[in-house]
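Notes for the structure review
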Amino acid sequence: MIVHRNWLYAVSGTLWWIAGGILILRGYVWVENMSAAALSIHEILSIAVAVLGYWFGFSKITRRNIDRITNLPERSSIFAFTALRGYILIVVMISAGILLRDSAIPKDYLSVPYTAMGGALLLGGVNFWGVFVRKTRIPPRRRGGWIDEKD
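Residues numbered from 1 in each chain as written. Predicted model: local features only at pLDDT ≥ 70, side-chain atom pairs only at ≥ 80, totals over all residues. Heavy atoms only, no water.

All right, on to the overall build of the protein then. Of regular secondary structure, the protein possesses four helices and two strands. Listed by position from the N terminus, the elements making up the protein come as β-α-α-β-α-α. Relative to its length of 151 residues, the protein is extended, with a C-alpha radius of gyration of 19 Å against a globular reference of 15 Å. For the protein, the C-alpha atoms occupy an extent of roughly 65 × 35 × 25 Å along the three principal directions. For the protein, the residues scored as buried account for 30% of the 151 residues in total. Considering only residue pairs separated by 6 or more positions, the protein has 79% of its internal contacts joining residues 24 or more positions apart. For the protein, the accessible area works out to roughly 10,000 Å², and carbon and sulfur atoms hold 70% of it. Charged side chains in the protein number 17 positive and 9 negative. The centres of these two groups are separated by 10 Å. (Helix = DSSP H or I, 4+ residues; strand = E, 2+ residues; numbered from the N terminus. Rg over C-alpha atoms; globule rule 2.2 N^0.38 Å. Buried < 20%, exposed > 50% of the residue type's maximum accessible area, 1.4 Å probe, protein only. Contact = heavy atoms within 4.5 Å. Areas by Shrake-Rupley, 256 points an atom, 1.4 Å probe, with all protein chains shown as cover. Lys, Arg positive; Asp, Glu negative; His and termini not counted. Charge placed at Lys NZ, Arg CZ, Asp CG, Glu CD.)

Next comes the structure, spelled out in structure tokens:
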């Protein structure tokens, strides 16, 4: 399927949000029985690690992907939202997540990296959607705002 390259930003952002949401939900299911104090510490730690992970890692990845998409032909395959290396990384990350989830590590310990990774992915998805919105914004008409009085 061939689409305008601007849609690749939306595809990327949506997939990052879906993956992030899945990780956050899975992480929080594992801690639903924590005390309020322990859950508060968990949330603060998860948010801090998510922001740091985004700032020092995912922001650079999203920037490289955005630059790569920007340099694609105007009409590209919908699967061009990530490079081949990105597909390999996706498979490795999913496999690592499954191995961790099925490991002997207590789930309440795994919940912080899961929710933090999910938060970092959500933040990265915002980058892609921001570019999509900026590049696809329809400027208002000069007379009559969005609707021309003659219409």
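Back to the text.
In the structure shown here, the tally under the stated rule is seven aromatic pairs. The interplanar angle of 80° and the centroid separation of 5.6 Å between the aromatic rings of Trp16 and Phe58 together place this pair among those described as edge-to-face. With Trp16 in helix α1 (residues 6-29) and Phe58 in helix α2 (residues 36-70), this pair connects stretches of sequence that are 42 residues apart. For the pair Trp16 and Phe58, one class covers both residues: buried. For the ring pair Trp17 and Trp129, a centre distance of 5.8 Å and an interplane angle of 15° mean the geometry is stacked. In this pair, Trp17 is assigned in helix α1 and Trp129 in helix α4 (residues 107-136), connecting sequence segments 112 residues apart. By relative accessible area, which is 36% here, Trp17 ends up partly exposed. (Phe/Tyr/Trp six-rings, centres within 6.5 Å; stacked < 30°, edge-to-face > 60°.)

A few words now on the environment of Ser35. Tracing the backbone through its elements, the reader meets Ser35 in the loop between α1 and α2. Residue classification places Ser35 among the partly exposed residues on the basis of a relative accessible area of 45%. Taking the C-alpha atoms as reference, Ser35 lies 41 Å from Val133; in sequence the two are 98 residues apart. Separated by 3.2 Å, the side chain of Ser35 and the backbone nitrogen of Ala38 make a polar contact. (Polar contact = N/O pair within 3.5 Å; in protein donor to acceptor, adjacent residues only side chain to side chain.)

Moving on, we get to the pattern of salt bridges. If you walk through the whole model with that rule in mind, you get one salt bridge. Residues Arg63 and Asp67 are paired through a salt bridge, measuring 3.3 Å at the closest nitrogen-oxygen approach. Taken together, the residues Arg63 and Asp67, both in helix α2 and four residues apart, mark about one turn of the helix. On the basis of relative accessible area, Arg63 is assigned to the partly exposed category, the value being 43%. With a relative accessible area of 36%, Asp67 lands in the partly exposed category. (Salt bridge = Lys/Arg side-chain N within 4 Å of Asp/Glu carboxyl O.)

So, on to the side chain of Ser59. Note on placement: Ser59 falls in helix α2. Among the residues examined, Ser59 registers a relative accessible area of 18% and is labelled buried. Dropping the residues within four chain positions of it, Ser59 is found in contact with Tyr54 and Asn127.

The next thing to look at is the packing of α1 against α4. The interhelical angle for the contact between α1 and α4, taken along N-to-C directions, is 160°, at an axis separation of 7 Å. Regarding the angle of α1 to α4, the classification is roughly antiparallel. As α1 runs across α4, the sense of the crossing is left-handed. Taken together, the residues of the contact of α1 with α4 sort by class into 18 nonpolar, 14 polar and two charged. (Axes fitted to C-alpha atoms, helices over the stretch in contact; angles between N-to-C directions. Parallel < 35°, antiparallel > 145°, perpendicular 65-115°, else oblique. Left-handed = near helix turned anticlockwise from the far one by under 90°. Nonpolar A, V, L, I, M, F, W, Y, C, P; charged D, E, K, R; others polar.)

Let us look at a nonpolar patch on the surface. Where nonpolar side chains cluster on the molecular surface, the patch consists of Leu15, Ile18 and Ile22 and spans about 270 Å² of accessible area. When you line up the elements, Ile22 lands in helix α1. (Patch = residues over 30% accessible without salt bridge, like charges linked within 9 Å, V, L, I, M, F, W, Y side chains within 5 Å.)

Another point: α1. When the terminal C-alpha atoms of α1 are compared, their 35 Å separation across 24 residues agrees well with the 34 Å that a helix rising 1.5 Å per residue should span. Buried within α1 are the following residues: Asn6, Leu8, Tyr9, Ala10, Ser12, Gly13, Trp16, Gly20, Leu23, Ile24 and Gly27. Those residues of α1 that are buried lie in contact with β1 (2-4), α2, β2 (75-77) and α4. (Expected span 1.5 Å × (residues − 1).)

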